[in-house]
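# Structural overview
These are the residues of each chain, in order.
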Amino acid sequence: MIKDMTVGKPVKVILAFSLPMLLSMAFQQLYNIADSVIAGKFAGTDALAAIGVSFPVTMLFLAVAMGASVGSSVIVSQYFGVKKTAKMRSAIHTSIIAIMATAAFLTALGFVICKPVIKLLQTPSEILGAANTYLYIYIAGLPFLFLYNAATAIFTGLGDSRTPLYFLIFSSVFNVVLDIVFVTAVQWGVKGVAWATFIAQGISGVLAMITLLARVSKMKTEEPFKHFDRALLKKICTVAVPSILQQSFISVGQLCVQGLINSFGTPVIAGYSAAIKVNIFCVAIFNTMSNALSSFTAQNTGAGDYERVKKGYPAALGIMAAVTVVFTAVLVFAGKYLVALFTDGNNDENVIDAGKKFLWFVAAGYPIVAYKVITDGLLRGSGYMSAFMISTFTDLIVRVGVSFALAGQMGFTAVCVSFPVGWALGALISMGFYLSGKWKNKSQVK
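Here the structure is a predicted model, which is why all the values come from computation and not from measurement.

On a plain count of helices and strands, the chain comes out with 14 helices and zero strands. When the elements of the chain are put in sequence order from the N terminus, they spell out α-α-α-α-α-α-α-α-α-α-α-α-α-α. Relative to the compact-globule value of 22 Å for 446 residues, the chain shows a C-alpha radius of gyration of 21 Å, a close match. With the principal axes as the frame, the chain shows a C-alpha extent of 65 × 45 × 35 Å. For the chain, the proportion of its 446 residues judged to be buried stands at 60%. Sequence separation of 24 or more characterises 85% of the internal contacts of the chain that already satisfy a separation of 6 or more. Within the structure as shown, the chain displays about 16,900 Å² of accessible surface, and the carbon and sulfur contribution to it stands at 69%. Each charge sign in the chain was given a centre, from 33 positive and 17 negative side chains, and these centres are 11 Å apart.

Below, the structure is given as C-alpha cells:
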C-alpha cells in the first residue's frame, strides 16, 4: 500500500510505516544469522570462520546495492511528496536500469578479485578453500541481490513498507529450510549455505521486481514519462554516489579490521564472526528506523514542510530509544548464550569468550549509535549528503585507526573498543549538522 507521509500525526505515521520495515529487516538478518548458526552447529568452527572471513567481502557488494538503492528511494520519495507522478515514474525506471547495469559490472569484477582479496586478508589456510567457494556462489547471485534491494527501496520511497515484508518473510523461511537441507541432509557445508542464499534471494528478488513494475504501471500520469532520463539519473547519483561511497568505505574498513582479526587465530575469527552477526542484526534495525525517517523526511522536504520534519525527528528518536534499551539489555545479560548458538559445543570456550567480549563493548555504545543513525536518516532524507558522509567517514576512520593503533597493546580488545569510540565522535558531528539547520532546502526536486 502506497502511503502519503505528508499528512497525519508524525509519530503515528512513522510508527505505522516503520513497523513493517523493522520486521522485514529482522527477518533478513535472522536468515543471515541462520546461515552462520547452521554452519557452526553442523559443519564446525572452521565453517563458521570461513563464512565470517567472507562476510566483509560480501558486505562490500551489499554496500553498493544499498547505497544505490538509497538514491532511488530518496528521489522517488521527494517526487511523490511534491505529487510529480511522471517524474516519479521516470525516476523509478531510470533507477532500475542503472542499478542492474551496476550489478552486472560488479558480478564480473567480483569473480576476478574475490580470491586475491581473501588471500590478502591473511585468511588461515584451513578455511581458505571454503571461504572462496562461499564467495564465488554469493557473487553469482549479485544481480538478484541488487534486484531485491532496488525493488525494496522504491517500495519504501512510495511509502509502502508492507510489500517488501511479505517477500522477505518468504525468502527468510525458504532460505532457512534450504540451509538445513543442504548442510545437514546433503552435507554440502559452506557451499550449501551459499546455494541456499542464492536460490531464496533469487526467487524473492524476481517476484519483488515483477510486483513493483505491475503496480507502477497502474499509476496515471498527466504527461508522458521517459523510461530512462539522464537528468534524473544525475539527481539520483547526487544522493546515491555519496551513499555508495559511505557504505563502501565502511565495508573497506571492515575488510581492514577483518585482516587484523584473522591475525588472532581461528577461535577469535569464529567468535567475532558470531558476535558481528548479532551486532549487525541490532544495528540493521537501527538503520531501518533511520531509513523510515529518511522516507518521511524526503516526502516532507519535497513538499516544503520542514516543521513537520522537525516533529518527526523526536518521534523517531523515541521509538528508537525503546528498541535500544531492549537490545542493550539482551547483549549484556545474554551475550555469551547468543554466541554459543553458533557453536557445536566442542572446545568452544575461546570462541564464546571472544564473541561475548565484543558484544559487551558494542552494547555500551548502542544509545550513541542509535542517536547517530536517526540523525543521519534525517540528513540523508533531506538531501544533505555531505553532512551524512562526513559523520560516517569520521566514525569509520576512528574505528579503523583505534583498532590498529591499540592492537599491539590490547589485542582483540582494541577492535572491541573502537566501535563505541567511533560512534561517539560520529554522533557529535551528526548532531552539529542537524542543529545548524543547513539540512533545509537541500531537496533535489526543486
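What follows deals with the layout of surface pockets. Estimated volume of the largest pocket: approximately 160 Å³. Along the walls of the largest pocket sit Leu30, Ile33, Val37, Val278, Phe281, Cys282, Phe327, Val330, Leu331, Leu338, Leu341 and Phe342, which together make up its complete lining. Taken together, the elements giving at least two residues each to the lining of the largest pocket come down to helix H1 (10-43), helix H9 (266-302) and helix H10 (306-340). For the lining of the largest pocket, the leading source of residues is H10, giving four residues.

A grouping of Val173, Val177, Val181, Val186, Trp188 and Trp195 is seen on the molecular surface, where their side chains present a nonpolar patch of about 480 Å² in accessible area. Here the nonpolar patch gets three residues from one element, more than from any other, and that element is helix H6 (residues 162-185). Counting through the fold element by element, tryptophan 195 comes out in helix H7 (residues 190-217).

This part covers the pattern of salt bridges. Summed over the entire model, instances satisfying the criterion amount to three salt bridges. Between glutamate 307 and lysine 310 there is a salt bridge, and its shortest N-O distance comes to 3.9 Å. Taken as a pair, glutamate 307 and lysine 310 lie in helix H10 at a separation of three residues, close to a single helical turn. Classification of glutamate 307 by relative accessible area gives partly exposed; the value is 47%.

This part covers the packing of helix H3 (residues 85-120) against H7. Across the interface, H3 lies against H7 with an axial gap of 11 Å and an inter-helix angle of 155°. The angle between H3 and H7 falls in the class roughly antiparallel. Helix-helix and strand crossings are classified by hand; for H3 and H7 the assignment is left-handed. Facing H3, whose interface residues are Arg89, Ile92, His93 and Ile96, H7 presents Met209, Leu212, Leu213, Val216 and Ser217. Here the contact of H3 with H7 is built from residues that sort into six nonpolar, two polar and one charged.

On the secondary structure map, threonine 297 appears in helix H9. As for threonine 297 and valine 74, which are separated by 223 residues in sequence, their C-alpha atoms are 8.9 Å apart. Residue contacts for threonine 297: discarding those within four places in its chain leaves Val309, Leu378, Gly381 and Ser382.

What follows concerns the packing of aromatic side chains. Applying the stated rule across the entire model yields 18 aromatic pairs. Taking the centre distance of 5.3 Å and the plane angle of 75° together, the rings of tyrosine 272 and phenylalanine 358 count as edge-to-face. Of this pair, tyrosine 272 sits in helix H9 while phenylalanine 358 sits in helix H11 (residues 349-364); the two residues are 86 residues apart in sequence, bridging distant segments of the chain. For tyrosine 272, a relative accessible area of 5% gives the class buried. Linked through ring pairs, Phe264, Tyr272, Phe281, Phe286, Phe327, Phe358, Tyr366, Phe412, Phe419 and Trp423 together constitute an aromatic cluster. Directly above the aromatic system of tryptophan 188 lies the positively charged group of lysine 191, at a separation of 5.0 Å from the ring centroid.

We now examine the nonpolar core. Tyr272, Phe286, Phe358, Tyr366 and Phe412 are the most contacted members of the largest nonpolar core, which has 134 residues in total. Here this core gets 20 residues from one element, more than from any other, and that element is helix H2 (residues 45-81). Sequence-distant contacts of phenylalanine 412, defined by excluding residues within four places in its chain, comprise Ile261, Phe264, Val268, Tyr272, Ala354, Lys357 and Phe358.

Glancing now at the environment of lysine 84. Mapped onto the fold, lysine 84 is located in the loop between H2 and H3. Along the chain, lysine 84 and valine 117 lie 33 residues apart, while their C-alpha atoms are 45 Å from each other.

This next bit is on the side chain of aspartate 395. Counting through the fold element by element, aspartate 395 comes out in helix H13 (residues 385-410). The class for aspartate 395 is buried, based on a relative accessible area of 4%. Every residue in contact with aspartate 395, bar those within four places of it in the chain, is listed here: Lys372, Gly422 and Trp423.

What counts, and at which threshold
- Residues numbered from 1 in each chain as written.
- Predicted model: local features only at pLDDT ≥ 70, side-chain atom pairs only at ≥ 80, totals over all residues.
- Heavy atoms only, no water.
- Helix = DSSP H or I, 4+ residues; strand = E, 2+ residues; numbered from the N terminus.
- Rg over C-alpha atoms; globule rule 2.2 N^0.38 Å.
- Buried < 20%, exposed > 50% of the residue type's maximum accessible area, 1.4 Å probe, protein only.
- Contact = heavy atoms within 4.5 Å.
- Areas by Shrake-Rupley, 256 points an atom, 1.4 Å probe, with all protein chains shown as cover.
- Lys, Arg positive; Asp, Glu negative; His and termini not counted.
- Charge placed at Lys NZ, Arg CZ, Asp CG, Glu CD.
- 1 Å grid on protein atoms, 1.4 Å probe; cavity = no way out; pocket = protein on both sides within 12 Å on 5 of 7 lines; lining within 4 Å.
- Points joined across faces, edges and corners; volume = space filled by probe spheres on them.
- Patch = residues over 30% accessible without salt bridge, like charges linked within 9 Å, V, L, I, M, F, W, Y side chains within 5 Å.
- Salt bridge = Lys/Arg side-chain N within 4 Å of Asp/Glu carboxyl O.
- Axes fitted to C-alpha atoms, helices over the stretch in contact; angles between N-to-C directions.
- Parallel < 35°, antiparallel > 145°, perpendicular 65-115°, else oblique.
- Left-handed = near helix turned anticlockwise from the far one by under 90°.
- Nonpolar A, V, L, I, M, F, W, Y, C, P; charged D, E, K, R; others polar.
- Phe/Tyr/Trp six-rings, centres within 6.5 Å; stacked < 30°, edge-to-face > 60°.
- Lys NZ or Arg CZ within 6 Å of the ring centre and 35° of its normal.
- Core = buried A, V, L, I, M, F, W, Y, C linked by side-chain atoms within 4.5 Å.

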